[in-house]
Amino acid sequence: MQDSAPGAAPGKKNGVAVIIGRPSSGKSTFLNAAAKRLISIVSPTPQTTRNAVRGIVNAPDGQIVFIDTPGYHSSAKKMNLRLASLARSALDGADALLYLIDASREPGEEEALTAALAAPHAGKLVVAATKTDLVAPPELQGSAEALPAPLLRFVAAHIPSYDAARIIPLSAERRVNIGAVLGALFALIPTDAEHADQLYPEDCYTDQQADFRIAEIIREQALRRLRDEIPHALYIEVADMEMRQGGKTLWCRAFVCVERESQKRMVIGKGASLIKAIRAESLRELQDIFPYCVDLDLRVKVQKNWRQRDTVLSKLIW
Ligand SMILES: Nc1nc2c(ncn2[C@@H]2O[C@H](COP(=O)(O)OP(=O)(O)OP(=O)(O)O)[C@@H](O)[C@H]2O)c(=O)[nH]1
Ligand SMILES: [Mg+2]
């Protein structure tokens, strides 16, 4: 992924931008659209992102290293507390903050909690109202007319120092106003010597390790096919990896881990149809990501109460 050295380019700025927002507000979809590739997995299930996932966007103005965070929400559950604390700590050291609000939902208590996280950083904040394609016809999705009145009132009440005229209407899915968001973030990155050097070479788009990428791609495929409580009850363990055939093939043994036997049966599916589909589609995705073939030995196992176990959580959320 990297073959040229990072360095300074005259007139360009380079900085770190953290993306925050409620669960399912569209943070990872925005990052993938801005980077024009799959960096952070997406699903309709809240709490899809469980780590601070880095994605690098190179533009004529310079380089932004994005940190996609887990959806911010309040919950006393052990895993959710870790996710919320991860989102909070990602803010430290950021040059800019992108707060995404779902334009298709009435802002409620959970949104207020997220706004409280953003408000103290109003000086380095960009607020964008995303999913405008769900509330406005195509010709208005990038215009101020797409901004719902309750959302405007919400921002005025919860982040009073943020000028409502600076709220960017956005549709990450339809790629409307991605450039406008990038421009607004670049405007917040200082031009001092500290921001003159690129943090990553231009051909690098993420710093994720191979085992994490494999686990996430499998999890995305599993989330797409499972409903109810199962998406929250599963994680992927990459147990073993080995380069084979003289470096041509990466062999990998991975487990879809769930909490109960009944969930294991659901993940396997009738005649193993579901786990086979998860494996086949994961392999197709992995083929696009890695420069070598991937061979996947994918199994399902039960890890009772893993969401209460610090040893498992520490391995998954960092
Ligand atoms: N119509 C529409 N749907 C979107 C848009 N952006 C995201 N979505 C959908 O919203 C859902 C959640 O998207 P994600 O990108 O996973 O949201 P997230 O904020 O990263 O979610 P967590 O990681 O769980 O916090 C998915 O079903 C996306 O396809 C958009 O601009 N328009
Ligand atoms: Mg996400």
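Residues numbered from 1 in each chain as written. Chains lettered and ligands numbered in written order. Predicted model: local features only at pLDDT ≥ 70, side-chain atom pairs only at ≥ 80, totals over all residues. Heavy atoms only, no water.

Draft legend 1. Focus on the coordination of the magnesium ion (ligand 2). For the magnesium ion (ligand 2), the full set of protein donor atoms is Ser-28 (OG) and Thr-49 (OG1), and the range of their distances to it is 2.0 to 2.1 Å. You can see Ser-28 sitting in helix H1 (residues 27–35) and its partner Thr-49 sitting in the loop between H1 and strand S2 (53–59), a full 21 residues away along the chain. Classification of Ser-28 by relative accessible area gives buried; the value is 7%. (Donors = N, O, S within 2.8 Å, 3.2 Å for Na, K, Ca; no water. Helix = DSSP H or I, 4+ residues; strand = E, 2+ residues; numbered from the N terminus. Buried < 20%, exposed > 50% of the residue type's maximum accessible area, 1.4 Å probe, protein only.)

Draft legend 2. The arrangement of the confidence of the model for the protein chain in detail. Residues with a pLDDT of 70 or more make up 97% of the protein chain, whose mean pLDDT is 95. Within the model, pLDDT remains below 50 along residues 1–5, and this stretch shows eleven contacts once partners closer than five positions in the same chain are excluded. (pLDDT = per-residue confidence, 0-100. Contact = heavy atoms within 4.5 Å.)

Draft legend 3. Molecular detail of the sheet that holds strand S3 (residues 62–68). Strand order in the open sheet formed by six strands is S2-S3-S1-S4-S5-S6, and the pairing between neighbours is mixed. The two strands at the open ends of the sheet, each matched to only one other strand, are S2 and strand S6 (168–169). (Pairing = 2+ DSSP bridges.)

Draft legend 4. Quick peek at the packing of aromatic side chains. On inspection of all chains with the given rule, the structure shows four aromatic pairs. A centroid spacing of 5.7 Å and a plane angle of 75 degrees characterise the contact between Phe-30 and Phe-66, whose relative ring orientation is edge-to-face. Of the two residues, Phe-30 sits in helix H1 while Phe-66 sits in strand S3, which places them 36 residues apart along the sequence. Here the two residues Phe-30 and Phe-66 agree in accessibility, since each one is buried. Consider the rings of Phe-290 and Tyr-292, whose centres lie 5.4 Å apart with planes at 10 degrees: the pair is stacked. Using a relative accessible area of 8% as the deciding quantity, one classes Phe-290 as buried. Its guanidinium or amino end placed over the ring of Trp-306, Arg-307 lies 6.0 Å from that ring's centre, counting from NZ or CZ. (Phe/Tyr/Trp six-rings, centres within 6.5 Å; stacked < 30°, edge-to-face > 60°. Lys NZ or Arg CZ within 6 Å of the ring centre and 35° of its normal.)

Draft legend 5. The arrangement of the domain arrangement of the protein chain in detail. As assigned here, the protein chain comprises domain 1 (13–195) and domain 2 (210–316). On a C-alpha basis, the centres of domain 1 and domain 2 stand 28 Å from each other. Facing the 15 residues of domain 1 at the interface are 19 residues of domain 2. At the junction of domain 1 with domain 2, the criterion picks out two salt bridges. A salt bridge links Arg-82 to Asp-310, with the shortest nitrogen-to-oxygen separation between them at 3.0 Å. (Domains from an automatic or database assignment. Salt bridge = Lys/Arg side-chain N within 4 Å of Asp/Glu carboxyl O.)

Draft legend 6. Summary view of the site of ligand 1. By nearness alone, 24 residues border ligand 1, and Lys-27, Thr-29, Gln-47, Thr-48 and Asp-133 come closest of all. Within the backbone of Gln-47, one N or O atom sits 2.7 Å away from an oxygen atom of ligand 1. One of the backbone N or O atoms of Glu-173 is found 3.1 Å from an oxygen atom in ligand 1. Surface burial for ligand 1 is 91%, taken as the share of its 660 Å² of free accessible area covered by protein chains. Among the elements that take part in the shell around ligand 1, H1 stands out by supplying three residues, more than any other. (Near = heavy atom within 4 Å. Polar contact = N/O pair within 3.5 Å; in protein donor to acceptor, adjacent residues only side chain to side chain. Areas by Shrake-Rupley, 256 points an atom, 1.4 Å probe, with all protein chains shown as cover.)

Draft legend 7. Representation of empty space enclosed by the protein in the model. Scanning all chains against the criterion turns up one cavity of 30 Å³ or more. If you go around the largest cavity, the residues you meet are Leu-38, Ile-39, Ser-40, Ile-41, Val-53, Gln-208, Phe-212, Arg-213, Glu-216 and Ile-217. Looking at side-chain class alone, the lining of the largest cavity contains six nonpolar, two polar and two charged residues. Lining the lining of the largest cavity are residues from two domains, each supplying at least three of them: domain 1 (13–195) and domain 2 (210–316). (1 Å grid on protein atoms, 1.4 Å probe; cavity = no way out; pocket = protein on both sides within 12 Å on 5 of 7 lines; lining within 4 Å. Points joined across faces, edges and corners; volume = space filled by probe spheres on them. Nonpolar A, V, L, I, M, F, W, Y, C, P; charged D, E, K, R; others polar.)

Draft legend 8. Fine view of unusual backbone geometry. Of note, the phi angle at Lys-131 is positive, near 65 degrees, even though the residue is not glycine. Within the fold, Lys-131 resides in the loop between strand S5 (125–130) and helix H4 (149–158). With relative accessibility at 24%, the residue Lys-131 sits in the partly exposed group. Of note in the backbone geometry, Asn-177 takes a positive phi value of approximately 70 degrees without being a glycine. Structurally, Asn-177 is set in the loop between S6 and helix H5 (178–188).

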